[in-house]
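Coordinate inspection notes
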There are 2 protein chains.
Amino acid sequence: MNKPVRVTITGAAGQIGYQLAFRIASGQMLGVNQPIILQLLEITPALSALNGVSMELEDCAFPTLKKIIATDDANEAFDQCDFGFLVGAMPRGPGMERSDLLEANAKIFTHQGLAINNNANKNVKILVVGNPANTNALIASSNAPDIDPKNFTAMTRLDHNRAKSYLAKKLGVQSNEIQNMIIWGNHSATQYPDISHVTCDDQRVLDAVSLEWIESDFIPTVQQRGAEIIKARGASSAASAASAAIDHMRDWSLGTSDKSWVSMAVPSDGSYGISPGIIFSFPVICKDGNFEIVKDLKINEFSKDRILITESELREERSAIESLL
Amino acid sequence: MNKPVRVTITGAAGQIGYQLAFRIASGQMLGVNQPIILQLLEITPALSALNGVSMELEDCAFPTLKKIIATDDANEAFDQCDFGFLVGAMPRGPGMERSDLLEANAKIFTHQGLAINNNANKNVKILVVGNPANTNALIASSNAPDIDPKNFTAMTRLDHNRAKSYLAKKLGVQSNEIQNMIIWGNHSATQYPDISHVTCDDQRVLDAVSLEWIESDFIPTVQQRGAEIIKARGASSAASAASAAIDHMRDWSLGTSDKSWVSMAVPSDGSYGISPGIIFSFPVICKDGNFEIVKDLKINEFSKDRILITESELREERSAIESLL
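In this report, the structure presented in the accompanying data block is examined. Counting restarts for each chain, with residues numbered from 1 along the sequence as it is written. Chain labels run from A onward and ligand labels from 1 onward, assigned in the order the entries are written. Local features in this predicted model are restricted to residues of pLDDT 70 or higher, and side-chain atom pairs are both shown and tallied only at a pLDDT of 80 or more, whereas totals for entire chains, interfaces and linings draw on every residue. No hydrogens and no water enter the side-chain calculation; it runs on all heavy atoms of the structure.

**Some details on helix 9 (residues 239-254) of chain A**
Its 16 residues give helix 9 of chain A an end-to-end C-alpha distance of 22 Å, which sits within 8% of 22 Å, the value for a rise of 1.5 Å per residue. Positioned one or two residues after helix 9 of chain A, Gly255 of chain A has a phi angle of 100°, which is positive. We count a stretch as a helix when DSSP gives it H or I for four or more residues in a row; a strand needs E for two or more, and each element gets its number in order from the N terminus. To estimate the expected span of a helix, subtract one from its residue number and multiply by 1.5 Å.

Here is the structure:
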């Protein structure tokens, strides 16, 4: 057995947290030979519910789960943290403008960035799931000056998986046969799911579908999938979000497959002309616990326009919270 | 890759189903080399929510998940079924007597027993999770005359896991060091968690704890754990119930470890003087897809009394629905 790693989940009594904690504790992120210490954070009013989650985690008798810490203190939750899932965020309430939402969340992620800086392992891997995820990750990172900004990422893996599964359905194949999907940009309705580089069975799929289908069916379906699920379930995607979060962290830690890159929102290094520093979803390859942005892909005009739109939204989000960076 | 197996989940849009479906689809029940076809059943008013669950399952892009069927027709849900999780049940409403509850559920499980009989694989493995689980399993089995009654079981694995984890906490060890726990009887407050045969690190634990602790702390804590979790979470155990259901079905299919038996509620063969035919939780060992009740354990007087109480409750439940058998 390896030395235990410490996994922090914020908003751990929420719907996504309730899925995530059990799958991680059961060994689905790092394998059944990697002992886990779960460090669960909630706001004070949710501590009783969080205690219930801890009791259920104990009741699973998972061999991989060594210890559970349940707390409303971010410093305790991020103490020696190796992997941080930042799931808890302020949801958009009635009458709330987007700028109000950005600001309300900025406070939460400023506080958590500081707690990470002061308590976490310096090699910590952070994944922000709570929306607006990309900009929340930027805020947390800015408040953690002692930690490499590359350790702060945001989740577009759910969009990536959704795009794969929707395209697979269209082509009548299995999702895992779809290679090299890309989600560019923001985890929002401006995201650009790009199939230009996708292969299936070593064949380019771009020739198998029409531009019209891509534009008027594929792209809006992927962009609006979250809303469709809320309409059907009466609740937002929780299980699939948790599953994507595990995929993201597992690939980042253990490496991507030889066959395909994945999409992760990471600090832009200026690749593809994206404003440096914003947390932007790129195609990435992971190896030895690090990710590298896939460089020098040919970007057609159709894609260029859409990448610009989502980049521009992320630059605006950064402006809106600039005073906090 | 093996030939896909068909896994049916009833009540699949409910809280337990929402945990169970994703963990099974991800390969946690039978391993990542076993393709799965999920057959999800719900009542008609929950079909929209079930559709949302199916969408999320697609969005996970699990390599093991070959197909999803979502339906309100039990015949379709159990078509060629290899593994059936009977989770959906009528909960106890305000003013409802226990006999009303038994009858309301008897209708559901009569119908599903028939659907299993007429559609499922003859080697189907059925696990009833929906309460009153033991008697629901008996009803389903009675209505499936073409299927061996041994293929119908009910879940006490959650109680088993809870008992292990609570005892482990007391002894300051990990849950997986606790071997040979037994839950006897009914999945209800009369269940008897028995530590007489438990070993930890090859030592009997009975000498390490007091009879007083067993009687006034351990037994009532395990029996009332579900109620405690509802109090803390504001909702009943879903994730830990789903986890136990996977443990039950995995061990039944792939075999128990050499080190320890597990608890399963199975048709009594008269062992330990238990009325033949009732679905009673015993210690069992599983191998080659079959379970065997562990025989000839020495039962002390303390245990005998408690086993009688839970057996008598199950005999009463059987009497209450006798006309339907």
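**Quick look at the pattern of salt bridges**
We count a salt bridge whenever a side-chain nitrogen from Lys or Arg sits within 4 Å of a carboxyl oxygen from Asp or Glu. Counted under the stated rule, the structure contains 32 salt bridges over all chains. The closest approach of N and O atoms between Glu311 of chain A and Arg315 of chain A, which form a salt bridge, is 3.4 Å. In this pair, Glu311 of chain A and Arg315 of chain A are both assigned in helix 10 (residues 301-320), four residues apart and thus about one turn of the helix distant. Exposure remark for Arg315 of chain A: the relative accessible area of 34% places this residue in the partly exposed category. If you follow the salt bridges from partner to partner, you end up with Glu58 and Asp59 of chain A together with Asp159, Arg162, Lys169 and Arg225 of chain B in one network. The buried label applies to any residue whose accessible area, calculated with a 1.4 Å probe on protein chains only, is under 20% of its type's maximum; exposed applies above 50%, and partly exposed to all values in between.

**Remarks on the packing of helix 6 (residues 157-171) of chain A against helix 9 of chain A**
All names here are of chain A. Axis definition: a line fit to C-alpha positions, over the contact stretch in the case of helices; interaxial angles, taken between N-to-C directions, run 0 to 180 degrees. Across the interface, helix 6 lies against helix 9 with an axial gap of 8 Å and an inter-helix angle of 105°. When the axis of helix 6 is compared with that of helix 9, the two are roughly perpendicular. In contact with Arg157, Leu158 and Asn161 of helix 6, helix 9 contributes Ser240, Ala241, Ala244, Asp247, His248 and Asp251. Relative orientations are named as follows: roughly parallel for angles under 35 degrees, roughly antiparallel for angles over 145 degrees, roughly perpendicular for angles from 65 to 115 degrees, and oblique for any other angle. Any two residues whose heavy atoms approach within 4.5 Å at even a single point are treated as in contact.

**Regarding the sheet that holds strand 11 (residues 203-204) of chain A**
Pairing between strands is defined by DSSP: at least two bridges between them are needed. Taken in spatial order, the three strands make up an open sheet running 7-10-11 (chain A), and their pairing is antiparallel. Sheet topology places strand 7 (178-179) and strand 11 of chain A at the edges, where each strand pairs with a single neighbour.

**Observations concerning helix 5 (residues 133-142) of chain A**
Residues and elements named next belong to chain A. Burial runs high along helix 5: nine of the ten residues are buried. Inspection of helix 5 places Ala133, Asn134, Thr135, Asn136, Ala137, Leu138, Ile139, Ala140 and Ser141 among the buried residues, and these make up the whole buried set. Residues of helix 5 that are buried make contact with helix 4 (98-119), strand 5 (125-128), strand 6 (152-154), strand 12 (262-267), strand 13 (279-287) and helix 10.

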